[in-house]
Amino acid sequence: MVFISISLSFLLTLLLYIRNCFRISCQSLEHILIFNICNIHFIIILLLLLLEAGDVESNPGPRRLTHDLSILHLNIRSIRNKLDYIKDNYLDFDILTFSETHLEANVLSESLVLSDNFSEPYRRDRNSHGGGVAIYLSKELIHCRRQDLENFWDESIWIELKVNIENYLIGLFYSPKSYDQIFFNNLNLNIEKAFHISKNIIILGDMN
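Quick notes on the rules
- Residues numbered from 1 in each chain as written.
- Predicted model: local features only at pLDDT ≥ 70, side-chain atom pairs only at ≥ 80, totals over all residues.
- Heavy atoms only, no water.
- Helix = DSSP H or I, 4+ residues; strand = E, 2+ residues; numbered from the N terminus.
- Buried < 20%, exposed > 50% of the residue type's maximum accessible area, 1.4 Å probe, protein only.
- Contact = heavy atoms within 4.5 Å.
- Areas by Shrake-Rupley, 256 points an atom, 1.4 Å probe, with all protein chains shown as cover.
- Core = buried A, V, L, I, M, F, W, Y, C linked by side-chain atoms within 4.5 Å.
- pLDDT = per-residue confidence, 0-100.
- Salt bridge = Lys/Arg side-chain N within 4 Å of Asp/Glu carboxyl O.

Next up on the list: the overall build of the chain. Looking only at helices and strands, one finds five helices and eight strands in the chain. Across the chain, helices and strands are ordered from the amino to the carboxyl terminus as α-α-α-β-α-β-β-β-β-β-β-α-β. Here the chain, with 208 residues, has 38% of them falling under the buried criterion. Look at the contacts in the chain between residues 6 or more apart in sequence, and 58% of them connect residues 24 or more apart. Only carbon and sulfur atoms are counted for the fraction: they give 53% of the accessible area of the chain, which is about 12,700 Å².

In structure tokens:
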């Protein structure tokens, strides 16, 4: 084992240099010193790793989008029969939404994966003969499903999405009837509730 002798003043100088290079906050430096001052070797290794990396991410996680968010919606009429078509034509979108998926619970989401760049779909099924909705999202996106918004309509899915510094809500709907007043009343109530969460709302689907 190799032991390194280093003065505290030199260590502080090195820490300040790291802070200036990578814009680490003074509070973060305090935490490093307070909790690790008894382990000088740990600090040296940490600083060397920072220097080697050449950059520090202040908010680690999926990387920020470097392009405008792209969304596609299709009334697919049986998604199982069109998976190859989707893979050949639409994988360059960030979000894919589909109505009339014609799925049942016995169809595993694992069998519906499009590529390594997309998560398994969020689904709400009716049956294999009609209806149903599904959403695919790029794995680069920070998102969560908002099932608390899905109690207004059976064939609907809501996703909360963070794109760079903005929060969005995406609502996907399918209404099987033309000019269904009950559906549109419920849709209006749903949007009103969603507005309490975010003012950036995107509505997609087949609403007849």
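The next thing to look at is the nonpolar core. Counting residues in hydrophobic clusters, the biggest one holds 14 residues, and the most contacted among them are I79, I86, L96, F98, L112 and Y136. Every element with two or more residues in this core is listed here: α4 (83-89) and β2 (95-99). Aside from chain neighbours lying at most four places away, what touches Y136 is I79, L83, D94, I95, L96, F98, L112, L114, F118, S119 and P121. Membership of the second largest hydrophobic core comes to 13 residues, among which are I135, L141, I170 and L204.

Detailed reading of the predicted coordinates is not advisable wherever pLDDT is low. When pLDDT is averaged along the chain, the result is 83, and 68% of the positions lie at 70 or above. Note that residues 1-6 has pLDDT below 50 and, in this model, six contacts with residues that lie over four places away or in other chains. Predicted confidence for residues 22-26 stays below pLDDT 50, and this span has 10 contacts to residues more than four positions away or in other chains.

The next subject is the pattern of salt bridges. Under the criterion given, the structure shown has seven salt bridges. R126 is paired through a salt bridge with E155; the nearest N and O atoms lie 3.2 Å apart. One end of the pair, R126, is in the loop between β3 (122-124) and β4 (133-137); the other, E155, is in the loop between β5 (142-145) and β6 (156-163), and 29 residues separate them in sequence. The salt bridge involving R145 is made with E150; its shortest N-O contact spans 2.9 Å. Among the charged side chains, a salt-bridge network with shared partners connects R124, R145 and E150.

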